[in-house]
Amino acid sequence: MLALCLGARAQDVPVDIPCQKFVLPNGLTVLVHEDRKAPIVSVNIWYHVGSKNEKSGKTGFAHLFEHLMFNGSENFDSDYFKVLEKLGATDLNGTTNNDRTNYFQNVPTSALDTVLWMESDRMGHLLGAITQAKLDEQRGVVQNEKRQGENQPYGLVYGLISAGTYPHGHPYSWDVIGSMEDLNAASLEDVREWFRTYYGPSNAVLAVSGDVDAKTAREKVEKFFGWIPPGPPVAKHQAWVAKRTGTQRQIMQDRVPQARLYKVWNTPRANTADSEYLGMAASVLATGRTSRLYKRLVYDEQIATMVSAFQYGREIGGQFTIQATARPGVDLAKVEKAIDEEVQRFLAQGPAADELERVKSRLEAQFLRGVERIGGFGGKSDVLLSGQVFTGNPDAYKAAYRTRQRATAEEIRRAASQWLSDGVYILEVQPFPPLKAATKDVDRSKVPPAGAPPEAVLPKLERATLTNGLKVILAQRHQVPLVDLELLVDAGAAADQSAVPGTAQMTMQVLTAGTRRRNALQISDESDLLGAQVSASAMRDLSIVKLSALKAKLDPSLDLWADLILNPAFDETEFRRLQKQTLAAILRDKSQPFSIAGQVLARAVYGEQHPYGAPANGTEASVARLTREQLAQFHQSWFKPNHATLVVVGDTTLAEIAPKLEKLFAVWKAGEVPRKNVPPAPPQAKSVIYLVDRPGAQQSVVMAGQVAPPRNTAGEIAFETMNTILGGAFVSRVNMNIREEKHWSYGAQTGFTDSRLQRLFYASAPVQSDKTSETMAELKKEFSEIGGSRPANPEEMDMAREHQTLRMPGSRETGGQVLNSIVNLVNYRLPDDWYDTYSAKVRALTQRDITSAAEKLIRPETLVWVVVGDRAKIEAGIRNLNYGGLRIVAP
């Protein structure tokens, strides 16, 4: 059976995703979309099964089975990643939600047969490969994933929301990841029965997108999948909204620095008009600086540091959520009162005309940016599959798009009034106070007598240089009508050495908060109306101002962007508002285990006075004493065109863009900038361990590191390849040891930081608390062996070569990927042919090159260690390692 989801582009849908659809005799539905812009193919398969197909008492099976699908089939009984990473796969993953489980990857076109063989083998030949050992292994990995999620601030929230908003037995009333008890109880026969019931071809849809035609794809799919027997009939829920009445309130405490409020309503399922209208209502309420909730709570009254709203439309029911984080010291009741007033005003009046226009532009731009990719989250394959699986029509995105673009203010108001006027669930998350027990107990040998009673009394690069010295690099991309630009100013956080720590980052934040011609709200309004995205940020060595523009509105978008660069106002009110938000963010970082560990490690390796050793955001003390005059001075000192590079990628040419840039930047004069002082950090003389106490932590975060040479050093490609073998890939030694063999962690890795000069080479692993010292021992063993007793073997060499070279075809699919590649050339001072010659240099590496790289880079006996965890549980084991002096760091 063959059908076309193909036609001329509808006038009101800006991008068509033509496809051919056919169904094999065994029930497998196949969608084929041809896109020749890169020599890659996306293979994405959705099984119509998720956590809602589980039963109470047997939760977490859908997600657990997703993990088992990567552990080998009867004819390839090894990790799926071993083949796919060798092929150069990108966007390689599997995910589970309430309604579906998907497996996806992008590969070079030449690898299509291999991927289809692998996917069909685990669909048709999995049962014999599922063993008790594999079940136990992945059960441990999933449980560590659950611990890692719940160990994060606010990590327990969504489990409470699921249980609190749906009646007992409703398919959405439990977490996708399941409960520890149910995961422990999962038997081998349980998971085999899950496969037999839900993983047949008749319960799946396969999308093949990219550099392939429908005829070829059909022949291959029939060859690899046609023999697989269909699965049994599967009962499916239709709609079960479970609309609520009245108000239910729940309060929890967590180790978080700021109180947070969640308000949740049960709403219609996805692929309905009301679900689309509610998504638009959420955008009006809380997306952008001029949105009603953001403007009032964050901008005007400054009683919150963050507010968001979204409609999550699932297959049988949706949820509308408003989430707000109170500014430290502000009562949540005050935040809730303001939210309620704005929601009631919206329910009565609906969106204004300009609000409706902004949200339509924003959603159109979001759609266009998503469908630039053939695969991955939100790419073309996902769009087609979502429509087919949940509506039976891969073109469903067109109806949804039309619903949004034709929506009236009254339709949005009516939907919001119908669904948000009653039935709210409210969750308050309050900071758990810093409690501690006394060091000495009382005399308990006898009951003390009572005293006297008291008185009654919480692509290809094109270059140009403007008249003022600004260097321009262009890569043309004409497939999607978007143009992306990044201005790279040679400053960044490393320039803070001549200023107050945190100046660079604060300067870039305030840069987009007003100019001499536009205030912050006007900038937000104008960018929304243009469908443009503007932002500014500071890396370690660069200050960056970005623009992503629709081609049709490029000129006014460029005018807005150039105004930010040339004429920032550094308004005092905006500065104070963002200063408060930055201080709140610094406070939040102190509750994030990875952030804590990373900051302590950088400070220990580089030194407190080194520009790479200080936190890029600054400290509470340094940010608190900043002034807007210091930001203006930073901008005046460092923003010089002859010390900057502009990277342009997208639907334009040098002949078109250069004159526009000359005109825009005609008043920007060249000049000299201060000299950055980034001295070499001396190697560590001996090993030392920093232990950060985090009482009650379910996991420990273990990090180890030392200084490494800059990326443009001779031998860098050998360093990168050695890192791939050691800890830079899923099948690397460190991850296979600590995650797959030991089951102590959800994932362990090694890598380099992104500094231009001396980098930090590090290992990191979030592990269960009772395996902290054991993990440190394994990491040190791996560091020691790769340059000594266990050099890279031929299989590992092949894996690393293929992992690093075969990913290249898919590494520049999107404009953003191209732009990032060029930014790397500029930032790290790499030659223009870096990527062109990269693969050949990787393939030429020998085992001796890898051993030599490890010997030069890794010094196991002088590593700096940082552990963030519950000191009471882990200190004794760490001391017994005798790795060096142990220093206790205040949390």
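Residues numbered from 1 in each chain as written. Predicted model: local features only at pLDDT ≥ 70, side-chain atom pairs only at ≥ 80, totals over all residues. Heavy atoms only, no water.

Peer 1: What's the story with the overall build of the chain in this structure? I'm lost.
Peer 2: The helix and strand tally for the chain stands at 31 helices and 24 strands. Here the C-alpha atoms of the chain give a radius of gyration of 28 Å, agreeing with the 29 Å that 2.2 N^0.38 yields for 891 residues. Over its C-alpha atoms, taken along the principal directions, the chain stretches across nearly 85 × 80 × 70 Å. Each of the 891 residues in the chain was classed as buried or not, and the buried ones make up 59%. Carbon and sulfur atoms make up 52% of the accessible area of the chain, which totals about 35000 Å². The average position of the 104 basic charges and that of the 101 acidic charges among the side chains of the chain differ by 3 Å. (Helix = DSSP H or I, 4+ residues; strand = E, 2+ residues; numbered from the N terminus. Rg over C-alpha atoms; globule rule 2.2 N^0.38 Å. Buried < 20%, exposed > 50% of the residue type's maximum accessible area, 1.4 Å probe, protein only. Areas by Shrake-Rupley, 256 points an atom, 1.4 Å probe, with all protein chains shown as cover. Lys, Arg positive; Asp, Glu negative; His and termini not counted. Charge placed at Lys NZ, Arg CZ, Asp CG, Glu CD.)

Peer 1: Sorry, what's going on with the packing of helix H9 (residues 273–286) against helix H10 (residues 292–300) here?
Peer 2: Each pair of packed helices can be described by the angle between their axes along with the distance between the axes. Close contact between H9 and H10 brings their axes to 3 Å; oriented N to C, the two are set at 30°. Here H9 is positioned roughly parallel relative to H10, judged by the angle of their axes. Contact residues: H9 offers Val-284, Leu-285 and Ala-286, while H10 offers Arg-292, Leu-293 and Tyr-294. Class assignment of the residues belonging to the contact of H9 with H10 gives a composition of five nonpolar, no polar and one charged. (Axes fitted to C-alpha atoms, helices over the stretch in contact; angles between N-to-C directions. Parallel < 35°, antiparallel > 145°, perpendicular 65-115°, else oblique. Contact = heavy atoms within 4.5 Å. Nonpolar A, V, L, I, M, F, W, Y, C, P; charged D, E, K, R; others polar.)

Peer 1: Would you take a moment to explain the environment of Asp-443 for this structure?
Peer 2: Within the fold, Asp-443 resides in the loop between strand E12 (424–431) and strand E13 (462–465). With relative accessibility at 55%, the residue Asp-443 sits in the exposed group. Side chain to side chain, Asp-443 and Ser-445 meet in a polar contact 2.7 Å long. (Polar contact = N/O pair within 3.5 Å; in protein donor to acceptor, adjacent residues only side chain to side chain.)

Peer 1: How do you make sense of a nonpolar patch on the surface when you look at a structure like this?
Peer 2: Nonpolar side chains collect at one region of the surface, where Tyr-158, Phe-310 and Tyr-312 lie side by side and expose about 270 Å² of accessible area between them. Judged by relative accessible area, Tyr-312 falls into the partly exposed class, the value being 34%. (Patch = residues over 30% accessible without salt bridge, like charges linked within 9 Å, V, L, I, M, F, W, Y side chains within 5 Å. Salt bridge = Lys/Arg side-chain N within 4 Å of Asp/Glu carboxyl O.)

Peer 1: Would you mind going over helix H24 (residues 716–728) with me for this structure?
Peer 2: Three or four residues apart is the spacing at which side chains of an α-helix point the same way, because the helix has 3.6 residues per turn. For H24, built from 13 residues, the straight-helix expectation of 18 Å at 1.5 Å per residue is missed by more than 12%, its first-to-last C-alpha distance being only 14 Å. Judged by how many residues are buried, H24 sits mostly within the fold: twelve of 13 residues are covered. Considered for burial, the residues of H24 that qualify are Glu-716, Ile-717, Ala-718, Phe-719, Glu-720, Thr-721, Met-722, Asn-723, Thr-724, Ile-725, Leu-726 and Gly-727. (Expected span 1.5 Å × (residues − 1).)

Peer 1: Just to check I follow, could you spell out the sheet that holds strand E16 (residues 533–538) for this structure?
Peer 2: What holds strands together in a sheet is hydrogen bonding between their backbones, with the strands either parallel or antiparallel. The strand order E13-E14-E18-E15-E17-E16 describes an open sheet built from six strands, whose pairing is mixed. If you trace the sheet from one side to the other, it starts and ends with E13 and E16, each paired once. In this sheet, adjacent strand axes meet at a mean angle of 15° when their direction is disregarded. Pairing of E16 with strand E17 (residues 543–550) involves six bridges; the strand directions are antiparallel. The residue of E17 that forms the bridge with Ser-535 is Lys-546. (Pairing = 2+ DSSP bridges.)

Peer 1: In this structure, what is going on with the sheet that holds strand E19 (residues 688–693)? I would like to understand it.
Peer 2: Read from one edge to the other, the open sheet built from six strands follows the order E21-E22-E20-E23-E19-E24, with strand pairing classed as mixed. Either end of the sheet is taken by a strand with one partner, and the two such strands are strand E21 (749–752) and strand E24 (885–889). Mean inter-strand twist for the sheet, computed between neighbouring axes without regard to direction, equals 20°.

Peer 1: Could you clarify how one ought to interpret unusual backbone geometry in this entry?
Peer 2: Where the residue is not glycine, phi is negative for most of them; where a peptide bond is considered, it is trans in most cases. The backbone of His-743 sits at a positive phi, close to 65°, despite the residue not being glycine. Mapping His-743 onto the fold places it in the loop between helix H25 (733–741) and E21. Phi at Asn-882 is positive, roughly 55°, even though this residue is not glycine. Counting through the fold element by element, Asn-882 comes out in the loop between helix H31 (871–881) and E24.

Peer 1: Would you mind going over the pattern of salt bridges with me for this structure?
Peer 2: Side-chain pairs of opposite charge can arise whenever the charged atoms involved come near each other. Applying the stated criterion across every chain, the model contains 68 salt bridges. Asp-113 serves as the salt-bridge partner of Lys-220, at 2.6 Å between the closest nitrogen and oxygen. On the criterion of sequence distance, the pair formed by Lys-220 in helix H8 (residues 214–225) and Asp-113 in helix H3 (residues 112–124) is long-range, its members being 107 residues apart. With a shortest N-O distance of 3.0 Å, Asp-490 and Arg-756 are connected by a salt bridge. Taken together, the residues Asp-490 in the loop between strand E15 (482–489) and helix H16 (503–511) and Arg-756 in the loop between E21 and strand E22 (759–768) connect sequence positions 266 residues apart. The class for Arg-756 is buried, based on a relative accessible area of 9%. Here the salt bridges share partners, and the residues they tie into one network are Arg-296, Glu-301, Lys-337, Glu-341, Glu-342 and Arg-345.

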